[in-house]
Amino acid sequence: MLAYHVFRDDVKAHPGMSVNYLGNGEPGGPFLMTMEQYRLVNQYYPQGVSRHGFRYLNPADKTLDSFTSHAIETVFELVRLTEFPDRLSRFQSAFACPTLESAQQWVRRFGQGEIWSVEVDDHAPQLDASFLRIDDNGAYSHVRAICNARSYWNGCYSENPELEILVPLPFSFVNKIT
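> Give me the side chain of S89: which residues, what numbers.
Mapped onto the secondary structure, S89 falls in the loop between α3 (64–83) and β3 (93–96). Given the relative accessible area of 1%, S89 is considered buried. At 2.9 Å, the side chain of S89 and the backbone nitrogen of F91 are in polar contact. Those residues within four positions of S89 in sequence are excluded, and the remaining contacts are Y45, E77, R80 and L166.

Written out as structure tokens, the structure is:
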């Protein structure tokens, strides 16, 4: 089935362009890792990680928003590893939207991006990205993050779901929409 990927890289995209793994954190490469950290990442992600995984496996910058998003992604990944090991990792996937309208909402949220159609498996789960927003009376909460991660990986939907499809790598762009 067709889905819609919001492409935000600086690279010039084209139909048929393939998006693949970046690597698995080789020391001296673009990852900021020690040899011990490299071994750990290679153990969990031997095929490599996506651009999303690269972002969250490297250190957060010094802003509270960056730290919070790193903490949330880490909790979601640890819940996946321990309770849903057969699910595709967010660190090894790209993301697509089931509708053009939902992709346009992400472009507005990001403030940039091209929308490309991509082919995804007809049975790919649609997960609710709204669970990634952790707000427990205005403060981050690990307990809320764990509960939300379980809901996300179980395929539950919130009152206002923001559906996303985890797209396994590699994948190719079909057509540019916007």
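> Account for the pairing of strand β6 (residues 163–168), naming residues and giving values.
Bridge count for β3 against β6 is four bridges, and the pairing is antiparallel. What sits directly across from S93, in β6, is P168. Across three bridges, strand β5 (residues 126–128) lies against β6 in antiparallel orientation. If you follow L127 over to β6, its bridge partner there is E164.

> I'd like a rundown of the nonpolar core, residues and numbers included.
For soluble globular proteins, nonpolar side chains are generally found buried alongside one another. Ranked by internal contacts, the top residues of the largest apolar core, which has 23 residues, are F76, Y152 and W153. Elements that contribute at least two residues to this core include exactly β1 (2–7), α3, α4 (100–110) and α5 (142–154). Leaving out residues up to four positions away in the same chain, Y152 has contacts with F76, R90, L127, D128, A129, F131, E164 and L166. Judged by nonpolar contacts, the second largest core, of 15 residues, contains A3, A13, V120 and I165.

> Run through unusual backbone geometry, naming residues and quoting values.
Across the junction of L169 and P170, the peptide omega takes the value -10°, indicating a cis bond. Mapped onto the secondary structure, P170 falls in the loop between β6 and β7 (171–176).

Reading the values: rules and limits
- Once a new chain begins, its residue numbering starts again from 1 and follows that chain's sequence as written.
- Local features in a predicted model are, by the rule used here, given only for residues with pLDDT of at least 70; side-chain atom pairs are given and counted only at 80 or more, and totals for whole chains, interfaces and linings are based on all residues.
- Hydrogens and water molecules were not included; the side-chain quantities draw on all heavy atoms of the structure.
- For helices the rule is a DSSP run of H or I covering at least 4 residues; for strands it is a run of E covering at least 2, with both sets numbered from the N terminus onward.
- Classification of residues uses two cut-offs on accessible area relative to the type maximum, computed with a 1.4 Å probe and protein chains only: under 20% is buried, over 50% is exposed, and between them is partly exposed.
- We define a polar contact as two N or O atoms separated by no more than 3.5 Å, with the added condition that, inside protein, one atom must be a possible hydrogen donor and the other a possible acceptor, whereas residues neighbouring each other in sequence contribute only through side-chain atom pairs.
- Residue contacts are defined here by distance: any two heavy atoms, one from each residue, within 4.5 Å place the two residues in contact.
- Whether two strands pair depends on DSSP finding at least two bridges between them.
- Throughout this description, the term nonpolar core refers to a set of buried Ala, Val, Leu, Ile, Met, Phe, Trp, Tyr and Cys residues connected via side-chain atoms within 4.5 Å.

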